[in-house]
Amino acid sequence: MNRITKNMLIITTFFLAAISLFACGTKVSENSGGSDGTVTGISVSGSTVSGSETTEKQLQILAKSSEVWTDLYHAGDDEVYNRKVVLKYGNYGKGLYYAVTDLDRDGWLEIIVSNTNGSMGLTTDSLYEVSEKEEKPVFCGMLDGGPEGGENPTEVYRDEKSENVYYVFENELNAGLEFVMSLSGIYMDKNKFRLKENEGYRYIVKADEQKGDRYRDDNEKEISKQQYEALQTKNWQGMKRGEAVFGWQLINNQKLKRMTEEELEEELEKSWKKFSVKF
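Residues numbered from 1 in each chain as written. Predicted model: local features only at pLDDT ≥ 70, side-chain atom pairs only at ≥ 80, totals over all residues. Heavy atoms only, no water.

**Things to note about the side chain of S114**
Stage number 1. With respect to the element layout, S114 can be found in strand β5 (residues 110-117).
Stage number 2. Judged by relative accessible area, S114 falls into the buried class, the value being 0%.
Stage number 3. In this structure the side chain of S114 is engaged in a polar contact, spanning 3.1 Å, whose partner is the backbone oxygen of P147.
Stage number 4. Residue contacts for S114: discarding those within four places in its chain leaves L72, N91, L96, Y97, T123, T124, D125, P147, E148, G149 and W248. (Helix = DSSP H or I, 4+ residues; strand = E, 2+ residues; numbered from the N terminus. Buried < 20%, exposed > 50% of the residue type's maximum accessible area, 1.4 Å probe, protein only. Polar contact = N/O pair within 3.5 Å; in protein donor to acceptor, adjacent residues only side chain to side chain. Contact = heavy atoms within 4.5 Å.)

Right, dumping it as structure tokens:
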């Protein structure tokens, strides 16, 4: 459960499920290729060859396994809640957002599915990865407070020591009279989907007499804008900075019913080709 949500529990008494993390696919390679199939080192874009399977083969696996990765909350046999309801009512009735990625640049495609709902605007993200050992993509973890579908990272950081790549998003929760903002980085580490949270919060106060931004640390102590900005860079000191684009797409019950596997594969390929990371 992310830090913002823990804070909101005190304010609103809401309860969220704890993060579930499971191991998934086996790493094969540290490089992904460009759209022409050439290796591009730490720059990644929609590739023609990935891991030990072609990208085409991996996209086919994802297209044939939509019942797996649309199971956002990974509750297995609870079909009514997981797939039909979320695909219909997710993201305020739009359906589910998804993006095909290779966050850890290991050559195995992942798919992130995202749902934002409720009066507070809570976001849940799950990630599934194509695996060398499994016929279907494997669940790698579920986060609350990750990226909202349709948003690109504000920045990307690469840790040269661990080789982890962090995709930083600004989280937002609606707390009635104010919005609560904070930055967090999603990443893959040892084949698990994880969240690295920055310290501090930015509060956007909506009440007329107090309109404007306020800043607090993790202990709810009010701090200056300069102190808050210093906290936002603390996590990423010494890391290489870059930028990234996610190829978010929307899918819902009606759209999924009408599509053949081949048509779904084409949509997945469009998402993958939009994904890019540059340092």
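**Focus on the pairing of strand β7 (residues 138-144)**
Stage number 1. Within β7, 7 of the 7 residues are buried, which leaves it mostly tucked inside the rest of the structure.
Stage number 2. Pairing analysis gives 6 bridges linking strand β6 (residues 122-129) to β7, with the strands arranged antiparallel. By the bridge assignment for β7, L127 is matched with G141. (Pairing = 2+ DSSP bridges.)

**Section: the pattern of salt bridges**
Stage number 1. Using the criterion set out here, one finds 10 salt bridges in the structure.
Stage number 2. Salt-bridge contacts for K270 lead to E267; the nearest nitrogen and oxygen are separated by 3.1 Å. Of the two residues, K270 and E267 are both situated in helix α7 (residues 261-274); the distance of 3 residues between them amounts to about one turn of the helix.
Stage number 3. Classification of K270 by relative accessible area gives partly exposed; the value is 45%.
Stage number 4. When its relative accessible area of 16% is taken as the criterion, E267 is described as buried.
Stage number 5. One continuous salt-bridge network, built from bridges that share partners, spans E170, R202 and D213. (Salt bridge = Lys/Arg side-chain N within 4 Å of Asp/Glu carboxyl O.)

**Remarks on the confidence of the model for the protein**
Stage number 1. Looking at the protein as a whole, the pLDDT averages 78, with 71% of positions reaching at least 70.
Stage number 2. Here residues 46-51 is modelled with pLDDT under 50, and outside its nearest four sequence neighbours on either side it reaches 26 contacts, counting other chains as well. (pLDDT = per-residue confidence, 0-100.)

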